[in-house]
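Listed here are the chains, written in short residue letters.
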Amino acid sequence: MCQAWGEVSYRIKPDENLETAIRRIAASQLGKAIAALENPGDAPEQAFHTARKHCKKLRALVRLVRPVFSGYGCENKSFRDAARQLSGVRDGAALVETVEKLIERQRGE
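These numbers come from a predicted model, not from an experiment. Residue indices begin from 1 for each chain and proceed along its sequence in written order. For a predicted model such as this one, the threshold for reporting local features is a pLDDT of at least 70, and the threshold for listing and counting side-chain atom pairs is 80 or more; totals across whole chains, interfaces and linings nevertheless cover every residue. Hydrogens are left out, water is left out, and the side-chain values use all remaining heavy atoms of the structure.

Asker: Hey, could you run me through the overall build of the protein chain in this one?
Answerer: Strands here are runs of E lasting at least two residues and helices are runs of H or I lasting at least four, both read from the DSSP assignment and numbered beginning at the N terminus. Check the secondary structure of the protein chain and you find three helices and zero strands. Going from the N terminus to the C terminus, the protein chain shows its helices and strands as α-α-α. Within these notes, the globule rule equals 2.2 Å times the number of residues to the 0.38 power, and the radius of gyration is based on C-alpha atoms. A compact globule built from 109 residues should have a C-alpha radius of gyration of about 13 Å, whereas the protein chain, at 18 Å, is more than 25% larger. If one aligns the C-alpha atoms of the protein chain with their principal axes, the spans along those axes are about 65 × 35 × 25 Å. For the protein chain, buried positions account for 20% of its 109 residues. Two residues qualify as a contact provided that any one of their heavy atoms is within 4.5 Å of a heavy atom in the partner residue. Put simply, 42% of the contacts in the protein chain that link residues at least 6 apart link residues at least 24 apart. Put simply, the protein chain shows about 8,000 Å² of open surface, and 57% of that area lies on carbon and sulfur atoms. Burial classes follow relative accessibility: with a 1.4 Å probe on protein chains only, a residue under 20% of its type's maximum area counts as buried, one over 50% as exposed, and anything between as partly exposed. Areas reported here follow the Shrake-Rupley algorithm with a probe of radius 1.4 Å; residue values treat only the protein chains shown as occluding.

Asker: Where do I start with helix H2 (residues 44-64) in this structure?
Answerer: In an α-helix, one turn spans 3.6 residues; hence positions three or four apart end up facing the same way. Spanning 21 residues, H2 covers 31 Å between terminal C-alpha atoms, matching the ideal 30 Å at 1.5 Å per step. Listing the buried residues of H2 in full gives Ala47, Ala51, Arg52, His54, Cys55, Leu58, Leu61 and Val62. On its buried side, H2 packs onto helix H1 (18-38) and helix H3 (72-107). The length a helix should cover is 1.5 Å for every residue beyond the first.

Asker: What's the story with the pattern of salt bridges in this structure? I'm lost.
Answerer: Proximity of charged atoms lets side chains of opposite charge pair with each other. A carboxyl oxygen of Asp or Glu within 4 Å of a side-chain nitrogen of Lys or Arg is what we treat as a salt bridge. Considering all chains together, one arrives at seven salt bridges under this definition. The salt bridge involving Glu104 is made with Arg107; its shortest N-O contact spans 3.0 Å. Here Arg107 and Glu104 lie together in helix H3, a separation of three residues that amounts to about one turn. Judged by its relative accessible area of 61%, Arg107 falls in the exposed class. One continuous salt-bridge network, built from bridges that share partners, spans Lys77, Arg80, Asp81 and Arg84.

Asker: I'm lost on the layout of surface pockets in this one. Help?
Answerer: Using a probe with the size of a water molecule, rolled over the atoms, empty space left in the structure can be pinpointed. Using protein atoms alone on a 1 Å grid, points that fit a 1.4 Å probe yet trap it form a cavity, whereas open point sets bounded by protein on both sides within 12 Å along at least five of seven lines form a pocket; residues with an atom within 4 Å of a point count as lining. Grid points are joined across faces, edges and corners, and a volume is the space filled by probe spheres set on the points. As a volume, the second largest pocket reaches approximately 340 Å³. Taken together, 15 residues line the second largest pocket, and the ones lying closest to its centre are Ile22, Arg23, Ala26, Val62 and Phe69. Mapped onto the lining of the second largest pocket, the elements with two or more residues apiece are H1, H2 and H3. When residues of the lining of the second largest pocket are assigned to their parent elements, the largest contribution, seven residues, is made by H1.

Asker: I'm lost on the environment of Thr98 in this one. Help?
Answerer: Of note, Thr98 is situated in helix H3. Of the residues examined, Thr98 reaches a relative accessible area of 44% and is grouped as partly exposed. Sequence spacing of Thr98 and Ile34 is 64 residues, and the spatial spacing of their C-alpha atoms is 27 Å.

Dropping the structure here:
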């Protein structure tokens, strides 16, 4: 079992055709992105980061099937634009965290 990125790698089931597998995997990634945003918990910036990662995985998936996927351009652009809209929140949170760490470090000096 591959655990390199913190989750099990995708698998195509032996009795599943390729199109069905790709659709299942894409639906799973989209569902996880939506779930992260619908239930942000105490760390909304982490939810945005998680959703962005799932958008990136969706883009990678459609890139794999680009030669036989006529809707590649539209889908790739949609996932790219969605991830880009989410990046502002994550970037802002990272900036605040960095400034807080710098302030804390300078307090001791």
